[in-house]
Amino acid sequence: GGMNQVNLRTLLSYSSINHLGWILISMTISESLWLIYFMFYIFMSITIALFFNYFKIYHMNQLYSMNLSPLCKFFMLINMLSLGGLPPFLGFYPKLMVINLLMSMEMYFITWVMVMMALITLFFYLRITFSAFILMYPTLKWLNISMSKYFYSNILLSTISILGFPLIF
């Protein structure tokens, strides 16, 4: 469902369905693992939602035309990759914990299915980020967003999300 979406909220809801599958699997195998996964997911979702709310981004073309600051665009798109579960970022860590526990319980088939479904979700996040990095549409002249305290809190949350994986160990 997320392959041909242009609405970012709908895309995030399809991604949430994938994360719900990971949470349900972790609920069945561990009493505390699902809570850890859920906390990581809430953190990443809030970070993305704050970015989308701050810049009033609802559709793909708005994401592509966001030429305010390359650094800000970088942080937003890297957070989307973290939400997708790309390995060096924070969003991969809870999936890695679930995979390790599933492999230790010798549940190979369900692990394979979960990883394949996560790769599909990661594919449409990668497609969005590559397109947004490559395509640069002209900025609208009436779009003037000042940097407020909310912007800097988004940057702080993004930094934690990007650097969170090395900080865990």
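Residues numbered from 1 in each chain as written. Predicted model: local features only at pLDDT ≥ 70, side-chain atom pairs only at ≥ 80, totals over all residues. Heavy atoms only, no water.

**Student:** What exactly am I supposed to notice about the overall build of the chain here?
**Tutor:** In terms of regular secondary structure, the chain is built from seven helices and zero strands. Along the chain, helices (α) and strands (β) appear in the sequence α-α-α-α-α-α-α when read from the amino end. A total of 169 residues make up the chain; the buried ones form 44% of that total. Counting contacts in the chain only where the partners sit at least 6 residues apart, residues at least 24 apart contribute 77% of the total. When the accessible surface of the chain is totalled, it reaches about 9,300 Å², and 73% of it is carbon and sulfur. (Helix = DSSP H or I, 4+ residues; strand = E, 2+ residues; numbered from the N terminus. Buried < 20%, exposed > 50% of the residue type's maximum accessible area, 1.4 Å probe, protein only. Contact = heavy atoms within 4.5 Å. Areas by Shrake-Rupley, 256 points an atom, 1.4 Å probe, with all protein chains shown as cover.)

**Student:** Whenever I open this one, helix H5 (residues 92-104) confuses me. Can you help?
**Tutor:** Because each turn of an α-helix spans 3.6 residues, side chains separated by three or four positions in sequence point in the same direction. In a regular helix each residue adds 1.5 Å, so 13 residues correspond to 18 Å; H5 covers 18 Å between its end C-alpha atoms and thus fits that length. Just downstream of H5, Glu106 is the residue with a positive phi angle, here 60°. (Expected span 1.5 Å × (residues − 1).)

**Student:** Can you help me understand the UniProt feature "transmembrane region" (unreviewed entry) in the chain in this one?
**Tutor:** The UniProt entry lists residues 12-29, 35-54, 74-93, 113-138 and 150-168 under the feature "transmembrane region" (unreviewed entry), expressed in the numbering used here. Along residues 74-93 the backbone is 65% helical and 0% strand, and the end-to-end C-alpha distance reaches 21 Å. (UniProt positions renumbered as here; feature names shortened; annotations may be inferred.)

**Student:** Would you explain helix H6 (residues 108-134) in this entry?
**Tutor:** Under the 1.5 Å per step criterion, the end-to-end length of H6 is 38 Å for 27 residues, consistent within 8% with the ideal 39 Å. Of the surrounding elements, those touching the buried residues of H6 are helix H1 (8-29), helix H3 (60-64), helix H4 (70-84) and H5.

**Student:** When you look at the nonpolar core in this model, what are you seeing that I'm missing?
**Tutor:** The nonpolar side chains of a soluble globular protein tend to be buried, and buried together. Membership of the largest hydrophobic core comes to 47 residues, with the highest contact counts inside it found for Phe52, Phe55, Ile57, Leu63, Met76, Met80 and Tyr125. Sorting the residues of this core by element identifies H1, helix H2 (33-55), H3, H4, H5, H6 and helix H7 (149-168) as the ones contributing at least two each. Broken down by element, the residue count for this core peaks at 10 residues, all from H2. Residues contacting Met76, with those up to four places away along its chain left out, are Ile48, Phe51, Phe52, Phe55, Ile57, Leu63 and Met66. (Core = buried A, V, L, I, M, F, W, Y, C linked by side-chain atoms within 4.5 Å.)

**Student:** What should I look at first to understand the environment of Tyr14 in this one?
**Tutor:** Along the chain, Tyr14 turns up in helix H1. With relative accessibility at 34%, the residue Tyr14 sits in the partly exposed group. Tyr14 sits 107 residues away from Thr121 along the chain, and the two C-alpha atoms are 8.2 Å apart.

**Student:** Help me out: how do you make sense of the environment of Ala118 in this one?
**Tutor:** For Ala118, the location among the structural elements is in helix H6. Relative accessible area serves as the criterion here: at 8%, Ala118 is assigned to the buried category. C-alpha separation for the pair Ala118 and Gly85, spaced 33 residues apart in sequence, amounts to 7.6 Å. Contacts of Ala118, omitting those with residues within four sequence positions, involve Asn18, Trp22, Gly84 and Lys95.

**Student:** Would you take a moment to explain the packing of H1 against H6 for this structure?
**Tutor:** The relative placement of two packed helices is expressed as an angle between their axes plus a distance between the axes. Put simply, H1 and H6 touch, their axes get as near as 11 Å, and they point 160° apart. Judged by the angle between their axes, H1 and H6 are roughly antiparallel. H1 and H6 meet at a crossing whose hand is left-handed. Contact with H1, carried on its side by Leu11, Leu12, Ser15, Asn18, Gly21, Trp22 and Ile25, involves Ile110, Met114, Val115, Met117, Ala118, Thr121, Phe124, Tyr125 and Ile128 of H6 and no other residues of that element. Grouping the amino acids of the contact of H1 with H6 by side-chain chemistry returns 12 nonpolar, four polar and no charged. (Axes fitted to C-alpha atoms, helices over the stretch in contact; angles between N-to-C directions. Parallel < 35°, antiparallel > 145°, perpendicular 65-115°, else oblique. Left-handed = near helix turned anticlockwise from the far one by under 90°. Nonpolar A, V, L, I, M, F, W, Y, C, P; charged D, E, K, R; others polar.)

**Student:** I'm lost on unusual backbone geometry in this one. Help?
**Tutor:** Negative phi values dominate among residues other than glycine, just as trans dominates among peptide bonds. Positive phi values are uncommon outside glycine, yet Lys56 reaches one of about 55°. Tracing the chain through its elements places Lys56 in the loop between H2 and H3. Of the residues examined, Lys56 reaches a relative accessible area of 48% and is grouped as partly exposed. The phi dihedral of Glu106 falls on the positive side, at around 60°, and the residue is not glycine. Assignment of secondary structure puts Glu106 in the loop between H5 and H6.

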